[in-house]
Structures are given as structure tokens and as C-alpha cells.
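If you want the building blocks of each chain, they are given just below.
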Amino acid sequence: GEEKVIEHCSNFELTDSAKLAAENWDAPIIVTTNVQLFESMFANKPSACRKLHNICNSVIILDEVQMLPSGLLEPILDALNAYHSIFNVSILLSTASQPAIVGKIGGKDNGFIGLENVKEIVPDAPALFQKLKRTDISIRDKSQTYQEIADELMSSEKVLCIVNTRSEALEIYKKMSEDKNTIHLSRMMCSAHIMEMISVIKHRLKNRSDEPLRVISTQLIEAGVDIDFPVVYRSIAGLDSIIQAAGRCNREGKLNGLGKVIVFRGEKNTPPGLITKGKNSMEELLHVNGDLDIFDPRTMTAYFNLLFSLHINSFDKADIKHKLYNPPYFLFKDAAEDFKMIDDSSFPIIVYYGDGCTYIEERWEGGLGRK
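What you are looking at is a predicted structure, and each value in this text was computed from that prediction instead of being measured.

Draft legend 1. A look at the sheet that holds strand E7 (residues 135-143). What the six strands build is an open sheet, ordered E7-E12-E11-E8-E10-E9; its pairing is parallel. In this open sheet, the two strands that pair with only one neighbour each are E7 and strand E9 (182-185). Going from strand to strand, the sheet's axes swing by 15° on average, the running direction of each strand aside. Judged from the four bridges that link them, strand E8 (residues 158-162) and strand E11 (residues 231-235) form a sheet pairing that is parallel. Directly across from Leu160, in E11, lies its bridge partner Val232.

Draft legend 2. Spotlight on the side chain of Ser97. Along the polypeptide, Ser97 turns up in the loop between strand E4 (90-94) and strand E5 (104-105). Within polar-contact distance, the side chain of Ser97 engages the side chain of Gln244 at 3.0 Å. Filtering out sequence-adjacent residues up to four positions away, Ser97 remains in contact with Gln66, Asp240, Ile243, Gln244, Met300 and Phe304.

Draft legend 3. Quick look at the pattern of salt bridges. Inspection of every chain in the model, using the stated rule, returns 14 salt bridges. For the salt bridge of Arg214 with Asp179, the shortest nitrogen-to-oxygen distance reads 2.9 Å. Placement of Arg214 in strand E10 (residues 213-217) and of Asp179 in the loop between helix H7 (166-174) and E9 is noted, with a sequence separation of 35 residues between them. When its relative accessible area of 5% is taken as the criterion, Arg214 is described as buried. With relative accessibility at 13%, the residue Asp179 sits in the buried group. Each of Glu74, Asp316 and Lys321 takes part in salt bridges that share partners, so that together they form one network.

Draft legend 4. Focus on H7. Among the residues making up H7, those that are buried are Glu168, Ala169 and Ile172. Around the axis of H7, the buried residues are gathered within 100° of arc, so they sit on the same side. Looking at the buried residues of H7, the elements they touch are helix H6 (146-154), E8, E9, E10 and E11.

Draft legend 5. Representation of the nonpolar core. Phe38 and Met41 are the most contacted members of the largest nonpolar core, which has 71 residues in total. No other element matches helix H4 (residues 73-87), which puts six residues into this core. Those residues in contact with Met41 that lie beyond four places of it in its chain are Leu52, Ile55, Ile60, Ala79 and Tyr83. The next biggest cluster of nonpolar side chains, apart from the first, holds 15 residues, and it includes Leu153, Val159, Ile172 and Val231.

Draft legend 6. Region of interest: the packing of helix H9 (residues 239-246) against helix H11 (residues 297-311). Here H9 crosses H11 at 140°, and the two axes come no closer than 9 Å. Considering their axes alone, H9 and H11 lie oblique with respect to each other. Between H9 and H11, the residues in contact are Leu239, Asp240 and Ile243 and Thr299, Met300, Tyr303 and Phe304, respectively. Looking at side-chain class alone, the contact of H9 with H11 contains five nonpolar, one polar and one charged residues.

The rules behind the values
- Residues numbered from 1 in each chain as written.
- Predicted model: local features only at pLDDT ≥ 70, side-chain atom pairs only at ≥ 80, totals over all residues.
- Heavy atoms only, no water.
- Pairing = 2+ DSSP bridges.
- Helix = DSSP H or I, 4+ residues; strand = E, 2+ residues; numbered from the N terminus.
- Axes fitted to C-alpha atoms, helices over the stretch in contact; angles between N-to-C directions.
- Polar contact = N/O pair within 3.5 Å; in protein donor to acceptor, adjacent residues only side chain to side chain.
- Contact = heavy atoms within 4.5 Å.
- Salt bridge = Lys/Arg side-chain N within 4 Å of Asp/Glu carboxyl O.
- Buried < 20%, exposed > 50% of the residue type's maximum accessible area, 1.4 Å probe, protein only.
- Arc of directions from axis to C-beta.
- Core = buried A, V, L, I, M, F, W, Y, C linked by side-chain atoms within 4.5 Å.
- Parallel < 35°, antiparallel > 145°, perpendicular 65-115°, else oblique.
- Nonpolar A, V, L, I, M, F, W, Y, C, P; charged D, E, K, R; others polar.

Okay, structure coming up:
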């Protein structure tokens, strides 16, 4: 009930009676976001900090922990260590692609000590991963054109294709645009449109078993979306992204055999950034051991060790340690302003979409509104 569970995030409307409880996290169970949690930990204003005392003696469950931003990983893990050792907080890390954030992290010039006193709650993780294996992953060596990928997708009745960039998603979709059973998803769509299309996908997967369905998407569908396709294509990326994509394949284990995950190389390079760093780390891992067992958790550890030691320049891009770790000068205001989980230089706009926008949808067909 409302008095036991509080959902505290920007997209959730609270009742008047729940607003004060949310501001104070005054409930046995709080469901919130990583952004809300960690930016509150580093905040300097009473309105943001007033809830933090309720974290004492609690359990923090971090879902999809691989999504923590590498550029803030050092202050984040320092904060978790502090809450554990000083305030008796237990931290549970939940993910199918566990990052290497225990002990020494990074290289010689940017290394730091991550989480301490960590215990694996699964007795034999590699054996469990093999027991729960529901897909077979094949990684192709040669690059392919988007037309070749589109032709392959058209040969499957139900298939999901996940790519690294919005331009890739659009190019493949355009080559399949005459197929009325193909759906496109990307952050070029407004949030309401994305959620509506995901609902359509779930409905068609569940209730229209004989109807073809082909989805071309960016990474937005990769984690936290409960869908189940028999075949998934994934543009080459970091191992964590590949494993998350595989989680959309034969998710419910209903196939007679294993689902099919195909990792392909597109005709264009990915732009500079974390996606490319992850992809390069995966390529290096494959170069060292082409026969590696992708589903072995030790492979994931090796991947993250490569990524963190060779490709991440800083785990504290906001320089939080120099703002907070050098007594007697604690720059709380500067740290609060600089600790941002999401780099956001955007500004809000009004998007005409949904009920009451018939004129706009007709005027801007294929643009702001739906077709």
C-alpha cells in the first residue's frame, strides 16, 4: 500500500498524502532512480538531503548496476563504501552483466579502490549462468551493409535488431519501411510515443502469435524492457550490451531449444564515446580469445578490466575527491553542482502527441505525431 511503498521518480505522480513521505523517504520500501539516490548523496541543500538519514540500517538494491556512469564511478563507490561502513547499509548489486567494481579498478594513472568486503550470494555463479542459458550467441567477423542486414531481418517472422546509434536504426528501418510489420524505436521519438510502441510490441508478441513483427531499435530497449523474441540481432558493442540484448531473446524459455542472437558489424563506425570504447574492449577480448565463453561471469570481469584499464581516462571527471576529500576545505556546493549522473545540455520542448492533437498529427505526418 501507499504507506509501505513509495515510488519516488520524476515520471511518477504522487498523491498529496505521499508527497511528504517521498521527500523524507519515510516508508519501509522506496523505489527510486540511480539519479535520485546518488545526486541526493552528494547534494548540499536541505530539501535534497533531508531524506538521507533514512538510509541508515537499510538495504540498497541497485538494479542494472552496469549502467553506473564510469566518469563518476570513483565517488559513487566511495559513497557506497562509506554508507556501508559508517551507517550499516547493505548494498545488493543486481545485473546479468556484473561490472568489475571490486578491489583495484583502472590502470596505473587513474586507478582506485572500489567496493570492499563483497560476497557473492550465488554459490556457483558460472554453473548457474550455464543452467539458465536460453540463447546461442554467434559473432560475425566480416562487416555487412545495412541492406544485407535488412534482407536478413525480413526473412524472420519475429526479430529484434538493436543498433548503437539513431542513424543506424533509421537507415535499417528505411530499407524495411515498406514492410508494415516493422516498428522503429529511438530517442528521436518522444517518451509517450516510445512507451506506446513498446506496449504495442508486447501486445503483438503476446496475442498475435502468427503475425510477423520486426523491431529496429537503439539501446533504449536493451535493459529493463520485458520482451521476448526468438531471434535478436545486435550491432557489435561492449559485452555488457551484448548480454543485455541477449536477455530479450527467448526470455521466457518457451522455445524448443535455444534462442538465436547474432552479433554483426555494420558498414559504419560508431562515433567516439563510451559505446565505441566498449566495442573496442570487446574486439580486444575476442582477439585474445576468440573461443571465449560469453556467458561465463569471468568473461564479463575480463571485459570490464580491459575497458576500465585501457579505455576509461577518468573515474572522477567532476573531480569530487578534491572537493570533498581535502580537509579543512570541503567544497560541498561545488561538489553538488558538479556531480551530475546525466550530462544534460538539452532544454524542454512541447511535443504535440496523443489525444487532442488530430490537426497536428495530420499536418506533421511522420514527424511529431503518429502516422
